[in-house]
Amino acid sequence: MSMILSASVVRVRDGLPLSASTDYDQSMGMQECRKYFKMLSKKLSQLPDRCTLKTGQYNINFISSLGVSYMMLCTENYPSVLAFCFLDELQKEFITTYNMMKTNTAIRPYCFIEFDNFIQRTKQRYNNTRSLSTKMNLADMQTEIKLRPPYQISVSELGSANGFSPIAMGEYKGTGKISAAPHQRLEPVTLPGIVSFVLSLLCGALNLIRGFHAIESLLQNEGEDFSYVIAFFLGTAACLYQCYLFVYYTGWRNAKSFLTFGLICLCNMYLYELRNLWQLFFHVTVGAFSTLQIRLRQPQGKSPDYNV
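Residues numbered from 1 in each chain as written. Predicted model: local features only at pLDDT ≥ 70, side-chain atom pairs only at ≥ 80, totals over all residues. Heavy atoms only, no water.

(A) Broad picture of the nonpolar core. Formed by 31 residues in total, the largest nonpolar core has its most connected members in Leu 18, Leu 90 and Phe 94. Elements with a contribution of two residues or more to this core: strand 1 (4-11), strand 5 (68-75), helix 2 (80-97), helix 4 (116-127) and helix 5 (135-147). When residues of this core are assigned to their parent elements, the largest contribution, nine residues, is made by helix 2. Residues within four places of Leu 18 in sequence aside, it is in contact with Val 9, Val 10, Arg 11, Val 68, Phe 94, Thr 103, Ala 106, Tyr 110, Cys 111, Phe 112 and Ile 113. Core analysis: the next-biggest nonpolar cluster, separate from the first, contains 20 residues, Leu 47, Ile 60, Leu 73 and Leu 158 among them. (Core = buried A, V, L, I, M, F, W, Y, C linked by side-chain atoms within 4.5 Å. Buried < 20%, exposed > 50% of the residue type's maximum accessible area, 1.4 Å probe, protein only. Helix = DSSP H or I, 4+ residues; strand = E, 2+ residues; numbered from the N terminus. Contact = heavy atoms within 4.5 Å.)

In structure tokens, the structure reads:
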């Protein structure tokens with residue numbers, strides 16, 4: 001029988017379930033689909049805004065908008081147009097009922113559980129297609145799906161249940177394919193982190209300017225040491241690489257940051273004759289501060305398992 005089995009509303013950024021229908025089916029197939037719900041909820045921020053996951057006898061469809069995702073589980077033969085019309089109705093009602101401030105600041109799972117009443121009523125309507133009075137909406141959705149089909153997620157792309165296999169969104173054009181995995185997300189930027197980033201850029205700019213001046217001096221005086229030019233440009237590269245390490249996640253990130261700081265110290269030691277103690281202190285202190293901020297800004301952990 002073609003029907004909608006369950007639905008849920010999930011916050012995109014961390015997978016926090018905001019509301020869900022109360023379904024009591026404990027079959028093995030439904031238990032497996034609940035696992036896929038959990039896996040998808042942890043990866044919503046990496047996925048296009050309209051997707052379908054086919055899992056044997058069942059399909060999971062979802063749409064995302066304004067930081068909230070609306071997910072539903074239906075039988076494999078349930079029409080795709082009806083499924084996305086159902087999700088569209090949930091989205092419109094939820095946006096009308098709750099403002100973004102409430103959804104963004106929600107802490108407890110299922111804090112909007114009263115929305116389940118609307119989910120149940122809408123589910124009953126869509127499970128009895130003869131009672132549907134949304135012919136125009138269905139026609140509009142049919143056209144929209146033809147123009148921009150939902151992205152088809154495969155179980156292999158979804159990865160393991162513990163969420164360690166990342167999904168990269170890549171360039172999404174209707175049925176476009178997902179490309180290589182992106183950089184792992186880092187924790188949100190703090191004010192000290194922004195300060196360290198700006199100061200590192202400043203130190204890099206100062207080294208770059210002094211490097212060009214050193215080149216001019218070298219051209220005018222043949223006796224000048226070219227190694228000073230190299231030291232200035234190495235200092236510039238080290239400062240800019242600290243900025244890169246602060247913004248992006250890479251392998252051996254902490255070790256690279258310490259090596260980069262060591263290079264900054266070596267360059268300033270070599271430039272001891274060209275800089276006073278305050279200048280040396282400033283460059284080395286900024287390098288140490290940036291290294292600390294890189295160390296403190298760690299990759300984000302797994303999203304909490306809220307038993308979606």
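(B) Highlighting a nonpolar patch on the surface. Where nonpolar side chains cluster on the molecular surface, the patch consists of Val 189, Leu 191, Ile 194, Val 195 and Val 198 and spans about 430 Å² of accessible area. Since its relative accessible area comes to 41%, Val 189 is described here as partly exposed. (Patch = residues over 30% accessible without salt bridge, like charges linked within 9 Å, V, L, I, M, F, W, Y side chains within 5 Å. Areas by Shrake-Rupley, 256 points an atom, 1.4 Å probe, with all protein chains shown as cover. Salt bridge = Lys/Arg side-chain N within 4 Å of Asp/Glu carboxyl O.)

(C) A look at the pattern of salt bridges. One pass over the structure, following the stated rule, counts five salt bridges. Arg 50 serves as the salt-bridge partner of Glu 144, at 2.4 Å between the closest nitrogen and oxygen. In this pair, Glu 144 is assigned in helix 5 and Arg 50 in strand 3 (residues 50-55), connecting sequence segments 94 residues apart. Given a relative accessible area of 34%, Glu 144 falls into the partly exposed group. When its relative accessible area of 6% is taken as the criterion, Arg 50 is described as buried. Between Asp 88 and Lys 92 there is a salt bridge, with its nearest N and O atoms 3.2 Å apart. Of this pair, Asp 88 and Lys 92 both sit in helix 2, four residues apart, which is roughly one turn of the helix. Looking at Lys 92, the relative accessible area reads 49%, which means it is partly exposed.

None of this, on its own, says anything about what the molecule does.
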